[in-house]
Amino acid sequence: MEDVTNFEFDNLKLDLDEYQGTPEEIVTKKAKLAATHTDNPVLVEDVSLCFNAYKGLPGPYIKDFLKQLGTEGLYKMVSGFDDHTAYAQCIFAYCENKDSEPVLFVGKNEGKIVEPRGDTSFGWDPVFLPDGYEQTYAEMDKATKNSISHRSRSVAKLKEYLQTEE
Ligand SMILES: O=c1[nH]c(=O)c2ncn([C@@H]3O[C@H](COP(=O)(O)OP(=O)(O)OP(=O)(O)O)[C@@H](O)[C@H]3O)c2[nH]1
Ligand SMILES: [Mg+2]
């Protein structure tokens, strides 16, 4: 490094947080971190789109994959495999305070990755075809998507938990 700039560099042995891992690990860390910023309970969520041919990846990294590859590229990722199955997953994490363990609410929707179809305005919706439906998330009307989505399933579990906690 000294060769390329006039700056002096030191090596510091620091272990800085870098949120990688399973969706559960990432959302747990996110909730714990959020809880250090307030005295109130916190609620965070994280969404994954998991390809079975890739053992669950891109998973929590879907945002960057989508940004770089587009929906067409996501389809290309699976097109060389026999297995096009995937699941959309939303995890809400509720953390009472900074010293308590977050409680996770996993909402999962099984389906498969297809060539992009439908309204292109939201994310990876055009490539996700939920099991039991002929329409991708992007082709469905909002009410239908919301009634079956990964997020609504997670929220339903969260709601039940919060109601029994009251
Ligand atoms: O087409 C979609 N249909 C959906 O139903 C859906 N639900 C979420 N997302 C997107 O998936 C990525 C990770 O979601 P996400 O909740 O983890 O957010 P994020 O990654 O922006 O925040 P953070 O994890 O950095 O805090 C983000 O790009 C969200 O926009 C969806 N895209
Ligand atoms: Mg995320």
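Residues numbered from 1 in each chain as written. Chains lettered and ligands numbered in written order. Predicted model: local features only at pLDDT ≥ 70, side-chain atom pairs only at ≥ 80, totals over all residues. Heavy atoms only, no water.

The name given to the chain in an unreviewed UniProt entry is Inosine triphosphate pyrophosphatase, and the organism recorded there is Euplotes crassus. A UniProt comment under Subunit (unreviewed entry) is attached to the chain, and it reads "Homodimer." Taken verbatim from the UniProt record of the chain, the Subcellular location (unreviewed entry) comment is "Cytoplasm". (UniProt positions renumbered as here; feature names shortened; annotations may be inferred.)

Q: Looking at this structure, I do not really get the overall build of the chain. What am I missing?
A: A count of helices and strands for the chain gives four helices and five strands. In sequence order, the chain lays out its α and β elements as α-β-β-α-β-β-β-α-α. A globule of 166 residues ought to have a C-alpha radius of gyration of about 15 Å, yet the chain, at 19 Å, is considerably larger. Reported as C-alpha extents along the three principal axes, the dimensions of the chain are approximately 60 × 55 × 25 Å. (Helix = DSSP H or I, 4+ residues; strand = E, 2+ residues; numbered from the N terminus. Rg over C-alpha atoms; globule rule 2.2 N^0.38 Å.)

Q: Would you take a moment to explain the UniProt feature "binding site: ITP" (unreviewed entry) in the chain for this structure?
A: According to UniProt, the positions carrying the feature "binding site: ITP" (unreviewed entry) are Lys30, Phe122, Gly123, Trp124, Asp125, Lys145, His150 and Arg151. With a sequence span of 122 residues, these residues are also far apart in the fold, their greatest C-alpha distance being 26.4 Å. Residue placement: Lys30 occurs in helix H1 (residues 23-35). In this structure Lys30 touches Val44, Glu45 and Asp46, once residues within four positions along its chain are discounted. Turning to its location among the elements, Gly123 is positioned in the loop between strand E4 (103-113) and strand E5 (128-130). A relative accessible area of 28% means that Gly123 is categorised as partly exposed. (Contact = heavy atoms within 4.5 Å. Buried < 20%, exposed > 50% of the residue type's maximum accessible area, 1.4 Å probe, protein only.)

Q: Just checking my understanding: could you explain the pattern of salt bridges for this structure?
A: A side chain of one charge can pair with a side chain of the opposite charge when the charged atoms of the two come close. Applying the stated criterion across every chain, the model contains seven salt bridges. Residues Lys108 and Glu110 are paired through a salt bridge, measuring 4.0 Å at the closest nitrogen-oxygen approach. For the salt bridge of Asp125 with Lys145, the shortest nitrogen-to-oxygen distance reads 3.1 Å. Highlighted residues: Asp125 in the loop between E4 and E5 and Lys145 in helix H3 (residues 142-148), separated in sequence by 20 residues. For Lys145, a relative accessible area of 12% gives the class buried. (Salt bridge = Lys/Arg side-chain N within 4 Å of Asp/Glu carboxyl O.)

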